[in-house]
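# Overview (structure and organization)
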Amino acid sequence: MAQTAEQLLHLVRKAKKGDQRAFDLILKELEPDIKKKINRFYIRGGESADVLQEARIGLWKAIEDFDEQGGMAFRYFAVNLCVPRRLITQISSANRNKFKLQNDAISLATPVRTEIEDSEQSLARS
């Protein structure tokens, strides 16, 4: 059921006070819009589920930061401002060389070819 702007605002007020059910209803209402918005985002070293999780964190931050007196609808504020900002911040963080070692790491269990023909072993000892 699509929420009106006033119903959504009522849920935001409740979620700001810590009402988990209100947050879940807001998430259920806005997640289709959020999924459309995040299709073009990719976090290096992550999966699509990571992008969706970061978008949900962006929604949570939107609820915390929303100011009713700001003259903007919550739906627009959350989906078009807060969620993309959160994703852009996370993409920037992932692309920094600070996490290069983590992003480029391989598992010690990855098979490695040896000089002996048709022989493989891993870097980890068994």
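Scoring rules and cut-offs
- Positions within a chain are numbered from 1, following the residues in the order the chain's sequence is written.
- Per-residue local features are limited, in this predicted model, to residues with pLDDT of at least 70; the limit for side-chain atom pairs, both in listing and counting, is 80 or more; totals at the level of whole chains, interfaces and linings are taken over all residues.
- Water and hydrogen atoms were dropped before computing side-chain values, which therefore reflect all heavy atoms in the structure.
- By definition, any uninterrupted DSSP run of H or I lasting at least four residues is a helix, any uninterrupted run of E lasting at least two residues is a strand, and each is numbered from the N terminus.
- Polar contact criterion, stated in full: a pair of N or O atoms within 3.5 Å, where within protein one must be able to donate a hydrogen and the other to accept it, and residues adjacent in sequence count only if both atoms are side-chain atoms.
- Of the grid points, spaced at 1 Å and generated over the protein atoms alone, those admitting a 1.4 Å probe that cannot get out make up cavities, while open sets with protein on both sides within 12 Å along at least five of seven lines make up pockets; any residue with an atom within 4 Å of a point is treated as lining.
- Grid points are joined across faces, edges and corners, and a volume is the space filled by probe spheres set on the points.
- Residues are grouped as follows: Ala, Val, Leu, Ile, Met, Phe, Trp, Tyr, Cys and Pro are nonpolar; Asp, Glu, Lys and Arg are charged; all remaining types, including Gly, are polar.
- For helices, the axis comes from a line fit to the C-alpha atoms of the stretch in contact; other axes are also lines fit to C-alpha atoms, and the angle between any two N-to-C directions lies between 0 and 180 degrees.
- Reported orientations rely on four angle classes, namely roughly parallel under 35 degrees, roughly antiparallel over 145, roughly perpendicular from 65 to 115, and oblique for the rest.
- By definition, any crossing whose near helix is turned counterclockwise from its far helix by less than a right angle is left-handed, and any crossing with a clockwise turn is right-handed.
- We call two residues contacting when some pair of their heavy atoms lies within 4.5 Å.
- Ring pairs shown here join Phe, Tyr and Trp side chains whose ring centres sit within 6.5 Å, with only the six-membered ring taken for Trp; geometry is labelled stacked below 30 degrees between planes, edge-to-face above 60, and tilted in between.
- Accessible area is worked out with a 1.4 Å probe on protein chains only. A residue is then buried under 20% of its type maximum, exposed over 50%, and partly exposed in between.

## Here we look at the side chain of Glu-31
- Tracing the sequence through the fold places Glu-31 in helix H2 (residues 20-38).
- Side-chain polar atoms of Glu-31 contact the side chain of Arg-56, separated by 2.7 Å.

## Thoughts on the layout of surface pockets
- Taken as a whole, the second largest pocket spans an internal volume of roughly 150 Å³.
- As for the second largest pocket, its lining consists of Gln-3, Thr-4, Ala-5, Glu-6, Leu-8, Leu-9, Phe-66, Glu-68, Met-72, Ala-73, Phe-74 and Arg-75.
- Residue assignment for the lining of the second largest pocket shows that the elements contributing at least two residues are helix H1 (5-16) and helix H4 (74-95).
- At four residues, H1 tops the list of elements feeding residues into the lining of the second largest pocket.
- For the lining of the second largest pocket, the class distribution of residues is seven nonpolar, two polar and three charged.

## What about the packing of H1 against H2?
- The contact between H1 and H2 brings their axes to 8 Å, and the two run at 140 degrees. Here H1 lies oblique to H2, going by the angle between them. Judged by the sense of rotation from one axis to the other, the crossing of H1 with H2 is left-handed. Between H1 and H2, the residues in contact are Leu-8, Leu-11, Val-12, Lys-14 and Ala-15 and Ala-22, Phe-23, Leu-25, Ile-26, Glu-29 and Leu-30, respectively.
- Its residues assigned to classes, the contact of H1 with H2 comprises nine nonpolar, no polar and two charged.

## Side note on the packing of aromatic side chains
- Across all of its chains, the model carries two aromatic pairs by this definition.
- Taken together, a centroid distance of 5.2 Å and an interplanar angle of 85 degrees make the contact between Phe-66 and Phe-74 edge-to-face. The burial state of Phe-66 is the same as that of Phe-74; both residues are buried.
- The interplanar angle of 55 degrees and the centroid separation of 5.5 Å between the aromatic rings of Phe-66 and Phe-77 together place this pair among those described as tilted. One end of the pair, Phe-66, is in the loop between helix H3 (48-65) and H4; the other, Phe-77, is in helix H4, with 11 residues separating them in the sequence.

## Notes on the environment of Arg-85
- Tracing the sequence through the fold places Arg-85 in helix H4.
- Here the alpha-carbon distance between Arg-85 and Ala-55, two residues 30 residues apart in the chain, equals 9.2 Å.

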